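Summary of structural features
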Amino acid sequence: MKPIHYVFIWLLELLSLSVIYSLLCYVMPDESLFLWYEERYGMVMENQWYDAYTLILMLVAIFINCVLIWLIVAACNKKKLT
């Protein structure tokens, strides 16, 4: 494969990660989770909450992205074997 193909694949993977993270940020109810956490465990600073919340969302997005890449590669390899 030419180097430009690797760059193109890397950019597509980065784009998919950004899209997945954006969708998670849109779908996840951050304020209701924050209020639930406060009711259950007590007061927490909002900055600390959002730092951990952002980190968890990014790790989940990276995991989903890796699983999707693995599934796509597995499907492509299966197609090449047949």
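A brief report on the enclosed structure follows.

Reading the values: the criteria
- Residues numbered from 1 in each chain as written.
- Predicted model: local features only at pLDDT ≥ 70, side-chain atom pairs only at ≥ 80, totals over all residues.
- Heavy atoms only, no water.
- Helix = DSSP H or I, 4+ residues; strand = E, 2+ residues; numbered from the N terminus.
- Buried < 20%, exposed > 50% of the residue type's maximum accessible area, 1.4 Å probe, protein only.
- Patch = residues over 30% accessible without salt bridge, like charges linked within 9 Å, V, L, I, M, F, W, Y side chains within 5 Å.
- Areas by Shrake-Rupley, 256 points an atom, 1.4 Å probe, with all protein chains shown as cover.
- Salt bridge = Lys/Arg side-chain N within 4 Å of Asp/Glu carboxyl O.
- Expected span 1.5 Å × (residues − 1).
- Axes fitted to C-alpha atoms, helices over the stretch in contact; angles between N-to-C directions.
- Parallel < 35°, antiparallel > 145°, perpendicular 65-115°, else oblique.
- Left-handed = near helix turned anticlockwise from the far one by under 90°.
- Contact = heavy atoms within 4.5 Å.
- Nonpolar A, V, L, I, M, F, W, Y, C, P; charged D, E, K, R; others polar.

So, the environment of Leu14
Assignment of secondary structure puts Leu14 in helix α1 (residues 3–27). On the basis of relative accessible area, Leu14 is assigned to the partly exposed category, the value being 38%. Along the backbone, Leu14 and Asn65 are 51 residues apart, and their C-alpha atoms lie at a distance of 9.2 Å.

Here's the deal with a nonpolar patch on the surface
Together, Met1, Tyr6, Phe8, Ile9, Leu12, Leu15, Val19 and Leu23 line one region of the surface with nonpolar side chains, adding up to about 830 Å² of accessible area. Looking at the element boundaries, Tyr6 is found in helix α1.

Describing helix α2 (residues 30–41)
Helix length check: α2 (12 residues) gives 16 Å between terminal C-alpha atoms against 16 Å at 1.5 Å per residue, within 8%. Of the residues trailing α2, Gly42 is marked for its positive phi of about 100°.

Focus on the packing of α2 against helix α3 (residues 46–81)
It is the contact of α2 with α3, at a shortest axis distance of 11 Å, that shows an interaxial angle of 120°. The angle between the axes of α2 and α3 places the two elements in the oblique class. Between α2 and α3 the crossing geometry is right-handed. Counted together, Asp30, Glu31, Leu33, Phe34 and Tyr37 of α2 and Glu46, Trp49, Tyr50 and Tyr53 of α3 form the full contact between these two elements. Its residues placed into classes, the contact of α2 with α3 shows 6 nonpolar, no polar and 3 charged.

Quick notes on the packing of α1 against α3
With their axes 9 Å apart at the nearest point, α1 and α3 run at an angle of 130° to one another. With respect to each other, α1 and α3 are oriented oblique. When the axes of α1 and α3 are compared, the crossing they make is right-handed. Residues Glu13, Ser16, Leu17, Ile20, Tyr21, Leu24 and Cys25 of α1 touch α3, and the partners they reach there are Thr54, Leu57, Met58, Val60, Ala61, Ile62, Ile64, Asn65, Leu68 and Ile69. Counted by class, the contact of α1 with α3 contains 13 nonpolar, 3 polar and 1 charged residues.

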